[in-house]
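Analysis of the macromolecular model
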Protein chains: 2
Amino acid sequence: MRTVSIDLGKRSYDIRIGEGLMSDAKEYLPWFRSDQVLLVSNEVVGPEYADRVRNALGDTNLQEVTLPDGEHTKTLDTAKLIFDALLQAKFDRTSTIIALGGGVIGDMAGFCAACYQRGIQFVQVPTTLLSQVDSSVGGKTAVNHPLGKNMIGAFHQPVRVLADTSTLSTLPEREFSAGLAEVIKYGVINDPELFEWLESNVEQVMALEQEKLEYVIERSCQNKSRIVEQDETEAGMRALLNLGHTFGHAIENSLGYGEWLHGEAISLGMVMAAHLSLLDKRIESSSYDRLIALLKRAALPTEPFSGLSAESMFESMKVDKKVHAGQMRFVLMDGIGRSVVTSEYSPTHLDLTLQHFCQSS
Amino acid sequence: MRTVSIDLGKRSYDIRIGEGLMSDAKEYLPWFRSDQVLLVSNEVVGPEYADRVRNALGDTNLQEVTLPDGEHTKTLDTAKLIFDALLQAKFDRTSTIIALGGGVIGDMAGFCAACYQRGIQFVQVPTTLLSQVDSSVGGKTAVNHPLGKNMIGAFHQPVRVLADTSTLSTLPEREFSAGLAEVIKYGVINDPELFEWLESNVEQVMALEQEKLEYVIERSCQNKSRIVEQDETEAGMRALLNLGHTFGHAIENSLGYGEWLHGEAISLGMVMAAHLSLLDKRIESSSYDRLIALLKRAALPTEPFSGLSAESMFESMKVDKKVHAGQMRFVLMDGIGRSVVTSEYSPTHLDLTLQHFCQSS
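Residues numbered from 1 in each chain as written. Chains lettered and ligands numbered in written order. Predicted model: local features only at pLDDT ≥ 70, side-chain atom pairs only at ≥ 80, totals over all residues. Heavy atoms only, no water.

1. Let's talk about the interface of chain B and chain A
Counting residues at the interface gives 37 residues for chain B and 37 residues for chain A. Regarding the contact of chain B and chain A, the summed buried area is about 3,400 Å², with carbon and sulfur atoms giving 60% of it. Here chain B and chain A share two salt bridges between them. With a closest N to O distance of 3.0 Å, B:Lys80 and A:Asp77 form a salt bridge. Where chain B meets chain A, there are 10 residue pairs in polar contact (both at pLDDT 80 or more). Contributions of two or more residues to the side of chain B that touches chain A are made by helix H2 (76–88), helix H3 (103–115), strand E7 (140–145) and strand E8 (148–155) of chain B. Of the residues forming the side of chain B that touches chain A, the biggest block, seven residues, is contributed by H2(B). A breakdown of the residues in the side of chain B that touches chain A according to their chemical character gives 16 nonpolar, 10 polar and 11 charged. (Contact = heavy atoms within 4.5 Å. Buried area = accessible area lost by both parts, 1.4 Å probe. Salt bridge = Lys/Arg side-chain N within 4 Å of Asp/Glu carboxyl O. Polar contact = N/O pair within 3.5 Å; in protein donor to acceptor, adjacent residues only side chain to side chain. Helix = DSSP H or I, 4+ residues; strand = E, 2+ residues; numbered from the N terminus. Nonpolar A, V, L, I, M, F, W, Y, C, P; charged D, E, K, R; others polar.)

2. Thoughts on the relation of the copies chain B and chain A
Expressed as a screw transformation, the operator carrying chain B onto chain A has a rotation angle of 180° and an axial translation of 0.0 Å, and the superposed copies differ by an RMSD of 0.0 Å. Read as a symmetry element, the transformation amounts to a two-fold axis. Relative to the rotation axis, the closest C-alpha in chain B is found at B:Leu76, a distance of 4.0 Å. Most of the interface of chain B is mirrored in chain A, where 100% of its interface residues again form contacts. (Least-squares fit on C-alpha atoms with pLDDT ≥ 70 in both.)

3. Side note on helix H8 (residues 245–255) of chain A
Residue and element names in this part refer to chain A. Here H8 lies mainly inside the structure; eight of its 11 residues are buried. Along H8, the positions that sit buried rather than exposed are His245, Thr246, Phe247, Gly248, His249, Ala250, Ile251 and Glu252. Contact partners of the buried residues in H8: strand E8 (148–155), helix H5 (173–190), helix H9 (262–279), helix H11 (310–318), strand E10 (330–335) and helix H12 (347–357). (Buried < 20%, exposed > 50% of the residue type's maximum accessible area, 1.4 Å probe, protein only.)

Following this line, the structure appears as structure tokens:
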């Protein structure tokens with residue numbers, strides 16, 4: 001059992017990491033403001049885990065809403081189902097939402113918590129590695145719009161996060177790898193020690209060795225929190241966390257949400273950012289090769305992909321949130337564990353990178 | 001020309017009050033972060049005033065969205081039209097929304113500004129007396145849900161408010177009176193001097209005497225800001241502003257949105273709050289009579305109304321945001337200019353008040 005404390009003044013909270021946490025009433029009860037609790041899950045996670053939460057919460061006035069599964073459901077229309085449930089139960093401002101599921105459930109339930117009566121509490125119970133290492137920290141909530149991912153959202157911190165590692169045993173391997181993409185990202189951004197540790201331990205993590213799992217989640221949350229604490233609303237260095245995301249979101253937009261997992265898109269997105277960094281002579285080819293090798297061992301995509309169009313990727317990058325007043329910005333690498341946010345890059349190299357990775361089919 | 005400065009630290013802004021402000025480019029331009037500007041208005045206000053904004057802004061990349069009119073349009077579905085316009089124009093985080101219209105436009109455009117890419121700027125150009133004296137201050141934004149008013153929203157401050165009094169000359173008399181209800185409310189809450197001033201000047205205000213108009217708007221904004229500055233997110237004394245609103249919202253819910261104007265519902269809501277205060281022996285009948293007399297001179301409803309059902313009002317009061325953990329709270333009067341937030345009231349008297357004002361038809 002490990003705890004990462006996120007220090008955000010009045011909005012501080014703890015991330016608890018360990019096996020079986022969601023079944024333990026005392027992990028939730030002290031944080032509720034009343035007995036009005038809405039459990040939000042989806043049709044995949046709900047049948048598997050909702051019982052554990054139900055049993056733990058016993059007497060609480062627990063209401064439930066079970067959403068369809070998948071990134072394509074992360075819309076205002078699905079969010080409405082959560083608002084409907086809160087209002088039908090006549091829940092007031094003292095109520096709490098429990099988000100049981102991966103990033104989609106966390107983002108959407110968190111957004112509803114941010115907006116319901118202008119803000120109620122929420123507890124996150126992330127059930128995927130990706131959501132345990134990524135969306136547990138940062139307070140970003142959102143839904144998608146047909147014209148862009150995460151375009152409608154709010155900053156809203158949970159009151160508690162329960163990263164119950166027992167859920168990872170039922171997680172499909174592809175999704176586990178997608179989570180590892182974000183872990184590797186923290187290494188590349190500014191934690192060379194974590195990157196090296198992964199080079200020695202990635203197979204044991206993938207075999208779900210409990211101690212190594214907890215270490216990976218703890219270290220990732222610490223990494224992210226160090227950045228978020230300094231920059232809660234993404235004015236400056238928080239943008240580092242977007243390593244691989246400008247390309248990654250464009251991949252997701254190009255392919256349509258749901259084709260690739262988010263972490264898979266981020267994996268190839270990081271490779272593309274590294275490629276541009278290489279062309280711009282920011283890094284040596286040895287760093288590029290180390291990144292590719294680790295991502296491959298984590299079973300993540302690193303190769304050029306024939307389903308992508310360079311033109312449509314470029315178009316969707318222009319509307320990305322990382323664009324400021326028309327100026328495109330990237331997170332580029334100056335080495336493993338040394339990344340920077342910059343608008344200094346060669347447009348010719350950007351074009352070459354896009355052409356290289358988007359092979360016409 | 002008058003200015004009320006709202007002091008909220010980093011989120012401070014000025015309310016400018018005067019004739020012709022919306023036609024003056026320098027009232028907006030210094031506050032934009034880029035030339036990406038979306039003008040949101042409705043089919044009534046747009047044709048009347050949008051030209052003035054267009055002419056003032058000249059070279060700006062001004063996009064426009066014109067919404068249908070009325071409280072019933074204040075929904076997530078209508079808000080989507082604003083998100084669509086922002087994304088179709090490929091607007092980024094540096095963009096600004098101008099909300100040109102009454103409270104419905106301000107609430108909805110402000111909510112979209114709060115959520116678009118997790119927060120962009122907005123400038124409010126309130127065109128009704130109600131929105132000039134009420135929604136200019138406080139940063140409350142929201143849309144309605146079929147089961148409750150303002151149930152989905154956010155706290156989001158404008159960067160500037162332009163209360164252009166020239167718009168009041170085309171405002172229907174009924175809507176002007178609805179705005180006066182909120183002005184009178186400030187007097188009743190904690191400004192006995194304003195209440196007395198209105199007893200001497202209400203007819204001149206209704207005749208749109210410029211100096212008196214500006215005074216009323218300025219004084220109202222000062223009153224509201226004094227309260228909001230101390231309590232930005234409605235934990236405590238801000239609830240005073242809800243005088244008449246627990247009853248008022250229930251009236252609106254009972255009748256269906258749009259039957260009565262918000263200010264009209266607040267007028268009768270204040271009378272009901274005063275009636276309960278009278279039964280609870282908090283005020284003398286002379287205070288009750290003064291309130292009724294002033295509201296009547298402002299052409300506002302004060303009489304029992306046969307279209308209301310006591311039962312349905314009671315039901316919708318239970319889901320009001322002012323309910324905390326099942327405990328109903330009211331703003332009651334201890335005198336003209338002395339109101340309190342309290343859950344101490346006689347349920348029998350509440351019942352009598354509801355019965356008195358909801359006459360079976």
